[in-house]
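Overview (structure and organization)
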Amino acid sequence: MENIVIIGNGIAGVSAARHIRKLSDKRIIIISGETDYFFSRTALMYVYMGHMKFEHIQPYENWFWEKNRIELVRGYVTQVSPEEKQLTIDGSRAINYDKLIIATGSKPNKFGWPGQDLHGVQGLYSKQDLDLLEVNAPNKEVCKRAVIVGGGLIGIELAEMLRSRDIPVTFLVREDSFWNGVLPNGESQMINEHILEHHIDLRLGTNLKEIVADENGRVKSVIIAETGEELSCDMVGLTAGVTPNIDFLKDSGIELGRGVKVNRFLETNVEDIYAIGDCAEQHESIGNRRPIEAVWYTGRMMGETVAQTICGNKIEYKPGHWFNSAKFLDIEYQTYGWVFSERGKKEYEEHFHWRHPEEKLCITVAFNTDNKQFLGINTFGIRMRHEIFNRWLTEERDVDYVMEHLADANFDPEFYKNYESEIVSKFNSDFGKSIKAKKKSIKRIFQFS
């Protein structure tokens, strides 16, 4: 029986295991040092906030693994020996494989700040980080102030978590506007306002110089690079992005860049070894996508793809049109296609931006200046249908068509106010058009004939 070993029990590794089991009777072993069972990493914040217990974020019951003949091994892989087709776990135990899938995910970035390894300094990525947060910031009496360094999605999640326990938070963001390397200016500015309204001390254009220890080797303050100001704090959250978790592969002969180098079939340079998820790096980017994508759904897709290949149906990884979703405190964010920030904007890319005059609602639509082809949309506070935008992007619709049929894409709950008429009116005003917004059509949405 062929022996398939998967390193990592995140969404990528578990998706691969599930689909290999659906397609075959191969022996499957998943190795993880983090937890006994797979859990939803994106839901960790809700455990700390009291909305769920940890067992609630485990998608499968504990009996699922034995029933599906997926063996679970707890431990950290410390060495991979491709010539012997063998792994070493925790420096001692050995496991042999016929095919190996590396799905070890990411780890928080550290940039060599003095004091970055002190007690009270942590990231927010793993189950261990969640447990540590209960030690470092259980309440506002133990943690009188927290400082968060890095203005991405994990940073704002951590800020929301800490504020849910009334812990004062200072948020250091090196950019001059929140996440403006990703978001266009209007959206970034709206999120700045929203963070401040949630009583978070947002410091834009601010870098960390040093984390200062007390006499017990625990964090007591941080020093701001630009001003030399010292801020007292009991906990520091390092959330300046993530990097592939691949240190254990350095002497393996597997080709590495920032991540594990793979081709379109998710194969490494070593036969019978594959890499998927956050730790995989494409030799060449797929379209506008980054070579490394630390995104939940791409990990799932890679797992499903590599399972087909391992089970004799070799297929290329094709992630399709870019999409993603997140929350900025209580504002829901969705993106479909490509809407670049001003820093990354293409020369042919033009933006239309609409923002509600009072509420935290906005959209930005990107289109090609030359031929008016719709390129993408960002929405904040307005839910949109993934399938509709996927279809319009595939059909290469022009921006006028998208604005005219925008109601078809709206997926807000019943009785929510709709804003298509206001959005289209501003589009007409901005671009000298006379488009009339059509009413939502179930026939068009589901393409009934």
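So, a few notes on the structure that sits alongside this text.

Analysis parameters
- Residues numbered from 1 in each chain as written.
- Predicted model: local features only at pLDDT ≥ 70, side-chain atom pairs only at ≥ 80, totals over all residues.
- Heavy atoms only, no water.
- Helix = DSSP H or I, 4+ residues; strand = E, 2+ residues; numbered from the N terminus.
- Buried < 20%, exposed > 50% of the residue type's maximum accessible area, 1.4 Å probe, protein only.
- Contact = heavy atoms within 4.5 Å.
- Pairing = 2+ DSSP bridges.
- Axes fitted to C-alpha atoms, helices over the stretch in contact; angles between N-to-C directions.
- Disulfide = S-S within 2.5 Å.
- Phe/Tyr/Trp six-rings, centres within 6.5 Å; stacked < 30°, edge-to-face > 60°.
- Expected span 1.5 Å × (residues − 1).
- 1 Å grid on protein atoms, 1.4 Å probe; cavity = no way out; pocket = protein on both sides within 12 Å on 5 of 7 lines; lining within 4 Å.
- Points joined across faces, edges and corners; volume = space filled by probe spheres on them.
- Nonpolar A, V, L, I, M, F, W, Y, C, P; charged D, E, K, R; others polar.
- Left-handed = near helix turned anticlockwise from the far one by under 90°.

Overview of the side chain of Thr305
Mapped onto the elements, Thr305 comes out in helix H7 (residues 296-310). The class of Thr305 is buried, set by a relative accessible area of 10%. Not counting residues up to four positions away in its chain, the partners in contact with Thr305 are Leu266, Ile315, Glu316 and Tyr317.

Notes on the sheet that holds strand E16 (residues 235-238)
On the basis of which strands lie adjacent, the open sheet formed by five strands has the order E9-E16-E10-E11-E12 and parallel pairing. The open sheet terminates on both sides in strands that have one partner only, identified here as strand E9 (121-122) and strand E12 (201-204). Relative to E12, strand E11 (residues 169-173) is paired through four bridges, and the arrangement is parallel. Following the sheet pairing, Thr170 is matched in E12 by Asp201.

Details of the sheet that holds strand E23 (residues 349-355)
On the basis of which strands lie adjacent, the open sheet formed by five strands has the order E21-E22-E25-E24-E23 and antiparallel pairing. Among the strands making up the open sheet, the edge pair consists of strand E21 (323-328) and E23. If you compare each strand with its neighbour and ignore which way they point, the axes differ by 10° on average. In the sheet, E21 pairs with strand E22 (residues 331-337) via six bridges, with the strands oriented antiparallel. Looking across to E22, one finds that Phe323 is bridged to Tyr336.

Thoughts on the state of the cysteines
Considering all chains together, one arrives at zero disulfides under this definition. Left unpaired, Cys143 is separated from the closest cysteine sulfur, that of Cys233, by 7.9 Å. We classify Cys143 as buried; its relative accessible area is 0%. Just so you know, Cys279 is unpaired, no disulfide at all, and the nearest cysteine sulfur is the one on Cys311, 19 Å from it. For Cys279, a relative accessible area of 0% translates into the label buried.

Side note on the packing of aromatic side chains
Counted under the stated rule, the structure contains 26 aromatic pairs. On the numbers, 6.0 Å between centres and 90° between planes, the contact of Phe178 with Phe328 is edge-to-face. Placement of Phe178 in the loop between E11 and helix H6 (185-197) and of Phe328 in strand E21 is noted, with a sequence separation of 150 residues between them. Accessibility classification places Phe178 together with Phe328 in one group, the buried group. Residues Trp322 and Trp338 carry aromatic rings whose centres are separated by 5.5 Å and whose planes lie at 10° to one another, so their mutual orientation is stacked. Of this pair, Trp322 sits in the loop between H7 and E21 while Trp338 sits in the loop between E22 and E23, placing them 16 residues apart in sequence. Overall, Trp338 belongs to the partly exposed group, its relative accessible area being 23%. Here the aromatic residues Phe171, Phe178, Trp179, Phe328, Tyr333 and Phe380 are joined through ring pairs into a cluster of three or more.

Concerning helix H1 (residues 11-23)
Taking 1.5 Å as the rise per residue, H1 with 13 residues should run 18 Å; its terminal C-alpha atoms sit 18 Å apart, in good agreement. Extensive coverage of H1 is indicated by the burial of ten of its 13 residues. Along H1, the positions that sit buried rather than exposed are Ile11, Ala12, Gly13, Val14, Ser15, Ala16, Ala17, His19, Ile20 and Arg21.

Some words on empty space enclosed by the protein
For the structure shown, the criterion picks out three cavities of 30 Å³ or more. In terms of lining residues, the largest cavity is bounded by 14 residues, among which Gln282, Arg290, Pro291, Glu293 and Met302 are the most central. Among the residues forming the lining of the largest cavity, the class breakdown is eight nonpolar, three polar and three charged. As a volume, the second largest cavity reaches approximately 40 Å³. Residues belonging to the lining of the second largest cavity are distributed by class as follows: five nonpolar, two polar and three charged.

Quick look at the environment of Gly344
Tracing the backbone through its elements, the reader meets Gly344 in the loop between E22 and E23. Taking the C-alpha atoms as reference points, Gly344 and Leu375, separated by 31 residues in sequence, lie 14 Å from one another.

So, the packing of H1 against H7
Across the interface, H1 lies against H7 with an axial gap of 7 Å and an inter-helix angle of 35°. The element H1 and its partner H7 pack so that their crossing is right-handed. Across the interface between the two elements, Ile11, Ala12, Ser15, Ala16, His19, Ile20 and Leu23 from H1 touch Trp296, Gly299, Arg300, Gly303, Glu304, Val306, Ala307, Gln308 and Ile310 from H7. Here the contact of H1 with H7 is built from residues that sort into nine nonpolar, five polar and two charged.

Re unusual backbone geometry
Look at Arg69: it is not a glycine, yet its phi comes out positive at around 55°. Among the structural elements, Arg69 can be located in the loop between helix H3 (63-67) and strand E3 (70-74). Of note, Phe415 is a non-glycine position whose phi angle comes to about 75°, a positive value. With respect to the secondary-structure elements, Phe415 resides in the loop between helix H10 (406-409) and helix H11 (420-431). Residue Phe415 is classed as exposed on the basis of its relative accessible area of 78%.

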